[in-house]
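# Structural description and commentary
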Amino acid sequence: MSTVFLHPKRNTYYHRAQIPKKLRRHFRGRVELWRSLKTEDKDEAKLKSLQWDTRAQRVFLTLKKHGATMNPAEIDALIERWLDAELEVGEGHRATHPVTGEWLDDTAMIRVSQMEDLYEDLGRCNYHRVEQDADEILKAAGLPLLDHDSVEFKKLCRRLLLAKMDLLNIETDR
């Protein structure tokens, strides 16, 4: 939301735009952006304010889409931590539960089905199955959530699908 106001000490109009809460970290916590419209005429100020509002909204949209970026090394580090934690869960289960032939048959059938689903999702760039897991990985690392439509989030989800395939293969070997 934006407003036009007359500055009491300068007698010129200003444009004021509210910074969305999720984007304030990019503005060092500021809540508003102010811009002098360099006019004392209210009608002219309204027109100039519309131009500034368009610019501000474009910046906000760009930051929403691309503000939280991750490089491939950061994504790999997150996925590696996730994979290690998941493998540890499997080790804990094997350490406390006996492995029977029936259990091996059942888990093999489940893993084949899961692998087929993951391959299909990967081929179709369908990340819905792992979006919640990706959000949880980011939260656990103390990172801000990414926009689900951003390229970085999709890269994270794709890498997570591949890691889930790796996990299934490793667990099958163990």
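What counts, and at which threshold
- Residues numbered from 1 in each chain as written.
- Predicted model: local features only at pLDDT ≥ 70, side-chain atom pairs only at ≥ 80, totals over all residues.
- Heavy atoms only, no water.
- Patch = residues over 30% accessible without salt bridge, like charges linked within 9 Å, V, L, I, M, F, W, Y side chains within 5 Å.
- Areas by Shrake-Rupley, 256 points an atom, 1.4 Å probe, with all protein chains shown as cover.
- Salt bridge = Lys/Arg side-chain N within 4 Å of Asp/Glu carboxyl O.
- Lys, Arg positive; Asp, Glu negative; His and termini not counted.
- Charge placed at Lys NZ, Arg CZ, Asp CG, Glu CD.
- Helix = DSSP H or I, 4+ residues; strand = E, 2+ residues; numbered from the N terminus.
- pLDDT = per-residue confidence, 0-100.
- Buried < 20%, exposed > 50% of the residue type's maximum accessible area, 1.4 Å probe, protein only.
- Axes fitted to C-alpha atoms, helices over the stretch in contact; angles between N-to-C directions.
- Parallel < 35°, antiparallel > 145°, perpendicular 65-115°, else oblique.
- Left-handed = near helix turned anticlockwise from the far one by under 90°.
- Contact = heavy atoms within 4.5 Å.
- Nonpolar A, V, L, I, M, F, W, Y, C, P; charged D, E, K, R; others polar.
- Core = buried A, V, L, I, M, F, W, Y, C linked by side-chain atoms within 4.5 Å.

With that settled, the discussion passes to a positive patch on the surface. Taken together, R35, K38, R55 and R58 make up a surface patch of like positive charges. Topologically, R55 is positioned in helix α1 (residues 42–66).

In this section: the confidence of the model for the protein. With 95% of its residues at a pLDDT of at least 70, the protein reaches an overall mean of 83. Per-element mean pLDDT across the protein ranges from 79 in helix α2 (residues 72–96) up to 89 in strand β2 (residues 13–18).

Right, let's talk about the pattern of salt bridges for a bit. The full count for this structure, using the stated rule, is six salt bridges. Of the charged contacts, one joins D117 and R129 as a salt bridge, the two residues approaching to 3.9 Å between their closest N and O atoms. Note that D117 is positioned in helix α3 (residues 101–124) and R129 in helix α4 (residues 128–140), a separation of twelve residues in sequence. By relative accessible area, which is 48% here, R129 ends up partly exposed. With a shortest N-O distance of 2.9 Å, K164 and D133 are connected by a salt bridge. With K164 in helix α5 (residues 151–173) and D133 in helix α4, this pair connects stretches of sequence that are 31 residues apart. Overall, D133 belongs to the partly exposed group, its relative accessible area being 23%. Via salt bridges that share partners, D117, D121 and R129 belong to a single interconnected network.

Where α3 contacts α5, the axes come no closer than 10 Å and their chain directions differ by 160 degrees. Compared by their axis directions, α3 and α5 come out roughly antiparallel. When you trace α3 past α5, the crossing you get is left-handed. Side by side, α3 and α5 meet where R111, Q114, M115, L118, Y119, D121 and L122 of the first sit next to R158, L161, L162, K164, M165, L168, N169, E171 and T172 of the second. Class assignment of the residues belonging to the contact of α3 with α5 gives a composition of eight nonpolar, three polar and five charged.

In terms of nonpolar packing, the biggest core is built from 24 residues, with I79, W82 and L160 touching the most fellow members. Within the residue set of this core, elements represented by two or more residues are α2, α3, α4 and α5. Sort the elements by how many residues they give to this core and α5 lands first, with nine residues. Apart from residues lying up to four places away in sequence, L160 is in contact with I79, W82, V130, D133, A134 and I137. Formed by six residues, the second largest nonpolar core is a distinct cluster that contains A17, L23, A56 and F60.

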